[in-house]
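Fold and contact review
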Amino acid sequence: GNSVTQMEGPVTLSEEAFLTINCTYTATGYPSLFWYVQYPGEGLQLLLKATKADDKGSNKGFEATYRKETTSFHLEKGSVQVSDSAVYFCALNNAGNNRKLIWGLGTSLAVNP
Amino acid sequence: DGGITQSPKYLFRKEGQNVTLSCEQNLNHDAMYWYRQDPGQGLRLIYYSQIVNDFQKGDIAEGYSVSREKKESFPLTVTSAQKNPTAFYLCASSFLQGATNEKLFFGSGTQLSVL
């Protein structure tokens with residue numbers, strides 16, 4: 001079946017450090033992949049997405065590349081800020097229906113000044 | 001501005017009591033969802049609705065009920081049968097176009113606690 005595995009948190013970084021949050025998936029066919037972000041006390045919002053192999057999603061300095069050969073969609077940012085402190089969720093949709101969206105468990109990021 | 005509004009932000013339930021969480025959207029989305037979020041467990045789908053007057057159970061529907069009388073509204077009732085209701089509840093909505101790349105729009109959540 002379909003599944004998403006994220007690296008466990010919490011991840012703690014200093015401001016301006018490089019960020020990688022690993023996400024790997026299991027799926028048949030050609031799913032779409034997403035990163036959502038949840039700031040403290042809020043709902044989730046879409047950060048970026050990719051819909052086919054080798055696509056790169058990017059937003060707010062974050063990037064993730066859809067790697068079919070390694071079944072991965074790792075989130076990266078070259079220089080994190082305190083305002084990036086949040087929980088990041090990787091997700092997969094293989095069914096054309098958001099009722100079937102598969103979520104990772106989330107990775108908490110804390111950025112210290 | 002278009003969006004999803006959840007209320008209240010904080011809610012307290014006494015034992016044996018039913019409580020209702022409100023979710024309203026003005027995005028003209030067909031599909032609406034309720035998720036439960038517990039620390040370290042990610043998001044779990046409670047109920048889902050694609051169209052007015054129709055809804056389906058998600059993965060953890062026991063102890064919850066919903067209605068969809070209007071396209072804009074999808075209230076969730078946490079009944080007394082739900083023995084562990086303390087969690088952060090998130091409402092979401094989306095278009096329903098049958099594509100895998102359709103994104104979800106979320107409300108800001110309701111934190112439910114038991115007194």
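A brief look at the structure comes next. (Residues numbered from 1 in each chain as written. Chains lettered and ligands numbered in written order. Predicted model: local features only at pLDDT ≥ 70, side-chain atom pairs only at ≥ 80, totals over all residues. Heavy atoms only, no water.)

**Examining the overall build of chain A**
Along chain A, the regular secondary structure elements total 0 helices and 12 strands. Relative to a compact globule of 113 residues, whose C-alpha radius of gyration would be 13 Å, chain A shows 13 Å and is just as compact. Viewed in the frame of its principal axes, chain A has a C-alpha envelope of about 45 × 30 × 20 Å. Expressed as a percentage of the 113 residues in chain A, the buried residues total 46%. Counting contacts in chain A only where the partners sit at least 6 residues apart, residues at least 24 apart contribute 55% of the total. Split by element, the accessible area of chain A, about 5,100 Å² in all, is 48% carbon and sulfur. Side chains of chain A give 9 positive and 10 negative charges; the mean places of these two sets differ by 12 Å. (Helix = DSSP H or I, 4+ residues; strand = E, 2+ residues; numbered from the N terminus. Rg over C-alpha atoms; globule rule 2.2 N^0.38 Å. Buried < 20%, exposed > 50% of the residue type's maximum accessible area, 1.4 Å probe, protein only. Contact = heavy atoms within 4.5 Å. Areas by Shrake-Rupley, 256 points an atom, 1.4 Å probe, with all protein chains shown as cover. Lys, Arg positive; Asp, Glu negative; His and termini not counted. Charge placed at Lys NZ, Arg CZ, Asp CG, Glu CD.)

**Observations regarding the pairing of strand 2 (residues 11-14) of chain A**
All names here are of chain A. Residue alternation in strand 2 divides its side chains into a buried set, V11 and L13, and an unburied set, T12 and S14. As paired elements, strand 2 and strand 12 (residues 107-112) share 4 bridges and run parallel to each other. Opposite L13, over in strand 12, you have V111 as the bridge partner. (Pairing = 2+ DSSP bridges.)

**Digging into a nonpolar patch on the surface**
Together, B:Y10, B:F12 and B:L115 line one region of the surface with nonpolar side chains, adding up to about 390 Å² of accessible area. When you line up the elements, B:L115 lands in the segment after strand 11 (110-114). (Patch = residues over 30% accessible without salt bridge, like charges linked within 9 Å, V, L, I, M, F, W, Y side chains within 5 Å. Salt bridge = Lys/Arg side-chain N within 4 Å of Asp/Glu carboxyl O.)

**Thoughts on the packing of aromatic side chains**
Inspection of every chain in the model, using the stated rule, returns 13 aromatic pairs over all chains. On the basis of an interplanar angle of 35° and a centroid distance of 6.1 Å, the ring pair of A:F34 and A:Y36 is categorised as tilted. Owing to a relative accessible area of 1%, A:F34 belongs among the buried residues under this scheme. Taken together, a centroid distance of 6.0 Å and an interplanar angle of 80° make the contact between A:Y36 and B:F106 edge-to-face. Here A:Y36, found in strand 5 (residues 32-38), pairs with B:F106, found in strand 10 (residues 105-106), and the two come from separate chains. (Phe/Tyr/Trp six-rings, centres within 6.5 Å; stacked < 30°, edge-to-face > 60°.)

**Quick word on the environment of A:M7**
Residue and element names in this part refer to chain A. Of note, M7 is situated in the loop between strand 1 (3-6) and strand 2. According to the relative accessible area criterion, M7 is partly exposed, its value standing at 26%. For the pair M7 and L105, spaced 98 residues apart in the sequence, the C-alpha separation amounts to 8.8 Å. Once residues lying within four places of it in the same chain are set aside, the contact partners of M7 are T20, I21, N22, G106 and T107.

**Brief notes about unusual backbone geometry**
Between A:G9 and the following residue, A:P10, the backbone shows a cis peptide bond with an omega angle of -5°. Along the chain, A:P10 turns up in the loop between strand 1 and strand 2. The linkage connecting B:S7 with the following residue, B:P8, adopts the cis geometry, with an omega of -10°. Structurally, B:P8 is set in the loop between strand 1 (4-7) and strand 2 (10-13). Here the phi dihedral of B:N53 falls at roughly 65°; this positive angle occurs in a residue that is not glycine. Its place among the elements puts B:N53 in the loop between strand 5 (43-51) and strand 6 (54-57).

In short, the description is geometric, and any link to function would need to be established separately.
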